[in-house]
Amino acid sequence: MIWGIMVKASNTKKVRIQEQKPDLRIVKEVKTKPYSDIDLNNWKDYSHIKTDTWWEFASRDKSNGHSNEYHGNYIPQIAQQLYERFTKKGDIVLDMFLGSGTSAIEALHMGRRCIGVELKPEQVDIVSNKFSPKELVTDINLICSDSANEEVKEKIQARLDVMRRDKAQFLVLHPPYDDIIKFSDKKEDLSNCANTEEFYNLFKKVAQNGYDMLEKGRFAALIIGDKYANGEIVPLGADCANKMREIGFKMKAVIVKNMEGNERAKGKTANLWRYRALNGGFYIFKHEYIYVFQKV
Ligand SMILES: C[S@@+](CC[C@H](N)C(=O)[O-])C[C@H]1O[C@@H](n2cnc3c(N)ncnc32)[C@H](O)[C@@H]1O
């Protein structure tokens with residue numbers, strides 16, 4: 001005798017078929033948030049998803065076309081965690097500081113799409129070579145522009161129209177950490193500001209543009225570290241996070257991430273830094289931050 005239970009799903013609800021026994025099929029309702037595909041009815045299946053504020057990664061993921069050829073890129077595992085938690089398949093991630101395209105590569109790999117803005121034309125060329133001509137129309141759109149300029153919003157909107165969405169569904173902000181790494185000589189470059197106040201002002205303009213292009217209810221991530229200058233800490237992370245709160249973002253999480261795998265081999269200089277720390281009364285940075293926000 002064939003015996004089984006079919007739980008009927010309503011027209012509007014998605015269903016998931018669970019095989020319990022070979023001939024017993026239970027159709028179970030899927031419970032998701034509007035911004036994620038994570039099935040909360042099967043939340044125990046997501047043990048790979050981080051839910052605490054300490055993120056430690058042993059090394060950089062170099063699969064799927066990722067590399068660390070660009071000084072200052074973030075590790076793909078950050079995008080993997082954030083996209084699964086805060087985006088659905090087909091959603092558009094907007095990255096206002098695209099750099100080497102980590103956000104775009106991972107978006108494609110995870111069935112998401114990406115619009116990336118980057119100031120340096122040569123960098124945009126390098127990233128566009130990582131995708132096929134078709135992908136560059138349907139899934140990945142690259143814009144060479146100053147993200148702090150309000151005009152960037154029209155360019156982003158034009159790409160959103162092509163991709164048939166009104167707004168982006170997730171925002172990534174991975175700015176220069178002030179002047180720690182100088183990315184170009186351009187005056188619009190956030191790594192090239194006359195002082196940290198100017199950096200904060202430009203950052204706030206970029207964050208405002210990102211806010212305006214983000215769908216209500218959706219999430220944003222700020223990836224950043226602090227710096228030392230003139231014998232004291234400059235809390236770039238907290239200060240930039242506060243700029244985002246001033247704009248209207250609701251702060252949801254402050255995640256601390258280890259920097260292992262970020263840096264190129266420090267080798268001989270490691271001991272020198274230890275000496276400097278002991279001598280100067282400070283501690284060597286081993287962490288950076290991922291601030292998570294929601295547009296409410
Ligand atoms: C920290 S890197 C981002 C790295 C990127 N997340 C990755 O994984 O490759 C910051 C990037 O912002 C770019 N940038 C600086 N000022 C900018 C501006 N005003 N508009 C757009 N991009 C800018 C720099 O050229 C640099 O590539």
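About the cut-offs
Residues numbered from 1 in each chain as written. Predicted model: local features only at pLDDT ≥ 70, side-chain atom pairs only at ≥ 80, totals over all residues. Helix = DSSP H or I, 4+ residues; strand = E, 2+ residues; numbered from the N terminus. Buried ≥ 20, exposed ≤ 12 C-beta atoms within 10 Å, placed from the backbone. Contact = placed C-beta atoms within 7 Å. pLDDT = per-residue confidence, 0-100. Axes fitted to C-alpha atoms, helices over the stretch in contact; angles between N-to-C directions. Parallel < 35°, antiparallel > 145°, perpendicular 65-115°, else oblique. Left-handed = near helix turned anticlockwise from the far one by under 90°. Nonpolar A, V, L, I, M, F, W, Y, C, P; charged D, E, K, R; others polar. Pairing = 2+ DSSP bridges.

## Some words on the overall build of the chain
No. 1: Scanning the chain from terminus to terminus reveals eight helices and twelve strands.
No. 2: Looking at the 296 residues of the chain, the share that counts as buried comes to 31%.
No. 3: Counting only contacts in the chain whose residues sit at least 6 apart along the sequence, the fraction spanning at least 24 positions is 63%.

## Some thoughts on the confidence of the model for the chain
No. 1: In the predicted model, the chain carries a mean pLDDT of 90, and the fraction of residues at 70 or more is 89%.
No. 2: Mean pLDDT in the chain bottoms out at strand β1 (residues 15-21), which sits at 50, and peaks at strand β7 (residues 168-173), which reaches 99.
No. 3: Predicted confidence for residues 1-18 stays below pLDDT 50, and this span has 27 contacts to residues more than four positions away or in other chains.

## Considerations on the packing of helix α5 (residues 152-162) against helix α6 (residues 196-213)
No. 1: Axis separation between α5 and α6 bottoms out at 10 Å; the angle between their running directions is 30 degrees. In terms of their interaxial angle, α5 and α6 are classed as roughly parallel. At the point where α5 passes α6, the crossing takes the right-handed sense. In this structure, α5 uses Val152, Lys153 and Ile156 to contact α6, whose residues at the interface are Asn209, Asp212 and Met213.
No. 2: Within the contact of α5 with α6, the residues separate by chemical class into three nonpolar, one polar and two charged.

## Some words on the sheet that holds strand β3 (residues 54-55)
No. 1: Strand order in the open sheet formed by eight strands is β3-β11-β12-β8-β7-β4-β5-β6, with mixed pairing between adjacent strands. Each end of this open sheet is capped by a strand with a single partner; those strands are β3 and β6 (140-144).
No. 2: Two strands pair when backbone bridges link them, and strand β11 (residues 249-258) and strand β12 (residues 287-295) are joined in this way by nine bridges, in the antiparallel orientation. Residue pairing for β12: Asn258 is matched across the bridge by His287.
No. 3: Most of the contacts of helix α3 (residues 121-128) go to β6, to which it runs at about 165 degrees, and overall it touches β5 (113-118) and β6.

## Describing unusual backbone geometry
No. 1: Residue Arg164 is not a glycine yet carries a positive backbone phi of 60 degrees.
No. 2: Assessed through the 8 C-beta atoms surrounding it within 10 Å, Arg164 is described here as exposed.
No. 3: Unusually for a residue other than glycine, Asp178 sits at a positive phi of about 55 degrees.
No. 4: By the secondary structure assignment, Asp178 is in the loop between β7 and α6.

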